[in-house]
Amino acid sequence: ASTSVVQWTMKGHKGPVKAAIFFPGSTSDILTACGDHIVRIWNAGTQECVNCTGHSAAVNSVALLEGASSSSSSTTASTMLVASASADHTVRLWDRRGGECRFTFRGHGAAVNSVQSSFDGALLLSASDDSSASVWGVATGRVLRRFKGHSSRVLSAVFS
């Protein structure tokens, strides 16, 4: 039987952590979503983090926008934007370095349960308790397509 050893414990959130993902190519840069309304961008090695504040309800999901910045050849450095989905009915786009909200996507009528970025970082896909999924243009902030017809809430949606 194999055993696992805890590598890091990051402390700071004041509620349940709902999602946590590594940045591509990194073993220490982590993005978390929490019930305390905050998105945090962590460096697990140094325990430093950038707080992304602005949601007024739980953050349910986070995503990385690949290719959203081409200022570096490093995959980790080129992922300069992150997205979050919240129970406050919005999706937000954040700057990775300073944690500033770059844009708030509005249009869902209920909690947004998940968000995912397209492979090129040009689109976001969100799933909501309003029984819909929406495709958003990152550059325009507009809904490009709304998928309706589910009989109840949509928990997740993915690009393929």
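Remember, it's a predicted structure, so these values are computed and weren't measured experimentally. (Residues numbered from 1 in each chain as written. Predicted model: local features only at pLDDT ≥ 70, side-chain atom pairs only at ≥ 80, totals over all residues. Heavy atoms only, no water.)

*Asks:* Teacher, can you tell me more about the overall build of the chain here?
*Replies:* Within the chain, the regular secondary structure consists of 1 helix and 12 strands. Listing every helix and strand of the chain by position from the N terminus yields β-β-β-β-β-α-β-β-β-β-β-β-β. Its C-alpha radius of gyration of 16 Å places the chain within 12% of the 15 Å reference for a compact globule of 160 residues. Dimensions along the principal axes, computed over C-alpha positions, put the chain at roughly 45 × 35 × 35 Å. Residues classed as buried in the chain amount to 48% of the 160 residues present. Look at the contacts in the chain between residues 6 or more apart in sequence, and 41% of them connect residues 24 or more apart. About 8,200 Å² of surface is accessible on the chain, with carbon and sulfur atoms providing 50% of the total. One finds the centroid of the 14 positive side-chain charges in the chain at a distance of 5 Å from the centroid of its 10 negative side-chain charges. (Helix = DSSP H or I, 4+ residues; strand = E, 2+ residues; numbered from the N terminus. Rg over C-alpha atoms; globule rule 2.2 N^0.38 Å. Buried < 20%, exposed > 50% of the residue type's maximum accessible area, 1.4 Å probe, protein only. Contact = heavy atoms within 4.5 Å. Areas by Shrake-Rupley, 256 points an atom, 1.4 Å probe, with all protein chains shown as cover. Lys, Arg positive; Asp, Glu negative; His and termini not counted. Charge placed at Lys NZ, Arg CZ, Asp CG, Glu CD.)

*Asks:* Would you take a moment to explain the pairing of strand β11 (residues 133-137) for this structure?
*Replies:* The two faces of the sheet receive side chains in turn, since in a regular strand these alternate between them. In terms of residue burial, β11 counts as a mostly covered element, since 5 of its 5 residues are buried. Side chains Ala-133, Val-135 and Gly-137 of β11 all project onto a buried face; the interleaved residues Ser-134 and Trp-136 project onto the opposite face, where all are buried too. Sheet analysis places strand β10 (residues 123-128) next to β11, joined by 5 bridges and oriented antiparallel. In the sheet register, Leu-123 faces β11, and the bridge partner there is Gly-137. Two successive antiparallel strands, β10 and β11, enclose a turn made up of 4 residues, where Ser-131 displays a positive phi of approximately 70°. Between β11 and strand β12 (residues 143-147), which pair antiparallel one after the other, the connecting turn spans 5 residues, and Gly-141 there sits at a positive phi close to 75°. (Pairing = 2+ DSSP bridges.)

*Asks:* Honestly, the environment of Ile-30 in this entry has me stumped. Any pointers?
*Replies:* Tracing the chain through its elements places Ile-30 in strand β2 (residues 29-34). The class of Ile-30 is buried, set by a relative accessible area of 8%. Once the C-alpha coordinates of Ile-30 and Met-10 are considered, the two residues, 20 residues apart in sequence, prove to be 9.8 Å apart. The residues touching Ile-30, leaving out its near neighbours within four places in the chain, are Met-10, Ala-20, Ile-21, Phe-22, Phe-23, Arg-40, Ile-41, Trp-42 and Ala-44.

*Asks:* Would you mind going over the sheet that holds strand β6 (residues 81-86) with me for this structure?
*Replies:* Hydrogen bonds between backbone groups are what pair the strands of a sheet, and the pairing can be parallel or antiparallel. In spatial order, the strands read β5-β6-β7-β8; together these 4 strands make up an open sheet with antiparallel pairing. Of all the strands in the sheet, just β5 (59-65) and β8 (101-106) have a single pairing partner and so form its edges. Strand-to-strand twist in this sheet, taken as the mean axis angle between neighbours without regard to direction, amounts to 20°. Note that β5 and β6 share 6 bridges and pair antiparallel. Counted as the bridge partner of Ala-63 is Ala-83 from β6. (Axes fitted to C-alpha atoms, helices over the stretch in contact; angles between N-to-C directions.)

*Asks:* Looking at this model, I keep getting lost on the pairing of strand β4 (residues 48-52). Mind explaining?
*Replies:* As judged from the 5 bridges shared by strand β3 (residues 39-43) and β4, these two strands associate in the antiparallel manner. Bridge pairing links Trp-42 to Cys-49 in β4. In sequence, β3 turns back onto β4 through a hairpin of 4 residues, with Gln-47 there showing a positive phi of about 65°.

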